[in-house]
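Close look at the chain arrangement
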Amino acid sequence: MDERAAYAAECIDFAVKGPRVDDENLPAIAEGPETQPMPREELSLRVLEVEKTGTGITTRVAEESLPHVDSLREIPIDSPAREIPESPAHLEIKERIATLLERSPVGGERSVKVTKDDIYLYQTGMTAIYKTHKYILSTHTPPQKSALFGFAFYATLRVFSDFGPGYKLYPFGTADDLTSLTQFLESEKEAGRHVQAIWAEFPTNPSLTVPSLPRLREIANTYNALLIIDDTVGSFANIDLLGSNGVDILVTSLTKSFSGYADVMGGSAVLNPLGSRYQELKTLYTANYTLDYSPLDASVLASNSRDYLVRSHTLNTNTQSLVSYFQTHAQSPSSPIKTVQHPTTNPEFKANYDLVKRPTTEEFAAGYGLNNKSTSNGA
């Protein structure tokens, strides 16, 4: 079965298994008729093809396809998928990301740099997380749990809950949680199990906690777990999470400040070429990855992102002004504002952030501006 047909089969599997109700990290789901799984016999799988389109129907792709709807036809389930060729827009996006990741690196120029071939594009940031999670699940039989350090965007928790054997959440992202994470990894090791990956956001969404990258890297090395960080909130312009002591995989929603105009979605996963498991991950992605990101959406994203650094400067400046304003009000006993959650208002989190904050250059001064959610959930 082709990979696209496999996606549809996964949808059927998801529909018939019903909601997961045993996830200790998520609110309990009240059981009732609407939560019962669909009978498998009521679902069937058909593969349809329409001229002029690829896979992953965004509104832009759907609009472009509408004039060709008469060409819609059913094809055998084992038909080879029509490949989406890499367009100039895809290439522009990947080269821009590679340039941004190597712009003003912490610690100076690196011996091995990120290239376009280390960057994988997806329809959304959540797709990048889902696909990466699925790739890694396939490397262990049976699949192994992950750990999530610090709270994350709700859809990320749902991916870990609904696909695979579950995960362990350390919601506060503090030093105490690092101790608890180490204890969990040790207990899994003693039980003969292996935690496949430690995931984190930097900073987290929505609480804006900032984990210690050196400590997470040390723990991941000790227990042979991948370290995967979502840097969407901090963004390429401000923080550098790569290098020999950085993450193994960097996942990002390109829908936010990279696009900046709230009219297109996108996501990326980047392999760290200086990571100790780079070759292993390169083989894994090569075996599993298919370019599904529409050239139509890629063209818009490429155009939008050309002024990314200029907009990031504005984002940094405006964010700091807002933080200062609300901080002033929080100091008043009569104010309804009690605390302001931001990396600069917590000494521990600011220190963790500053370790990976990019050095200032004539081109750009990195700051603490944080991406906001610019489109619908799942971006």
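Residues numbered from 1 in each chain as written. Predicted model: local features only at pLDDT ≥ 70, side-chain atom pairs only at ≥ 80, totals over all residues. Heavy atoms only, no water.

1. Comments concerning a nonpolar patch on the surface
Counted only if it meets this: Patch membership requires more than 30% relative accessible area and the absence of a salt bridge. Residues of like charge join within 9 Å; the nonpolar side chains Val, Leu, Ile, Met, Phe, Trp and Tyr join within 5 Å. Where accessible areas are quoted, they stem from the Shrake-Rupley method and a 1.4 Å probe; at the residue level, only the protein chains shown are allowed to cover. Each salt bridge in this description consists of a side-chain nitrogen of Lys or Arg and a carboxyl oxygen of Asp or Glu lying within 4 Å of one another. Only DSSP runs of H or I with at least four residues qualify as helices, and only runs of E with at least two residues qualify as strands; both kinds are numbered from the N terminus onward. When a residue's accessible area, from a 1.4 Å probe over protein chains only, is under 20% of the maximum for its type it is buried; when over 50% it is exposed; and in between it is partly exposed.
A surface patch of nonpolar side chains, amounting to about 370 Å² of accessible area, comprises Leu48, Leu66, Val69 and Leu72. Relative to the elements of secondary structure, leucine 48 occurs in strand β1 (residues 47-49). Here leucine 48 falls in the partly exposed class, since its relative accessible area comes to 45%.

2. Describing the pattern of salt bridges
Going through the model one piece at a time under the given rule, you end up with 17 salt bridges. Between glutamate 92 and arginine 96 there is a salt bridge; the shortest N-O distance is 2.9 Å. You can see glutamate 92 and its partner arginine 96 sitting in helix α3 (residues 88-101), four residues apart, about one turn around the helix. Linked by salt bridges that have partners in common, Glu92, Arg96 and Arg306 make up one network.

3. Some thoughts on the domain arrangement of the chain
Defined as follows: Domain boundaries shown here were taken from an automatic or database domain assignment. Here, residues are in contact when the closest pair of their heavy atoms is within 4.5 Å. The term buried area refers to how much accessible surface (probe radius 1.4 Å) is lost by two components on association, counted for both of them together.
The domains assigned to the chain are domain 1 (1-20 + 36-81) and domain 2 (88-304). Domain 1 and domain 2 are separated by 27 Å when their C-alpha centres are compared. Each partner contributes residues to the interface: domain 1 has 13 residues there, and domain 2 has 21 residues. Between domain 1 and domain 2 lies a buried interface of about 1,400 Å² when both sides are counted; carbon and sulfur atoms form 42% of it. At the boundary of domain 1 with domain 2, the tally comes to one salt bridge. Here arginine 60 ties to aspartate 297 by a salt bridge, and the two come within 2.7 Å at their closest N and O atoms. Within the residue set of the side of domain 1 that touches domain 2, elements represented by two or more residues are α1 (3-17) and α2 (59-65).

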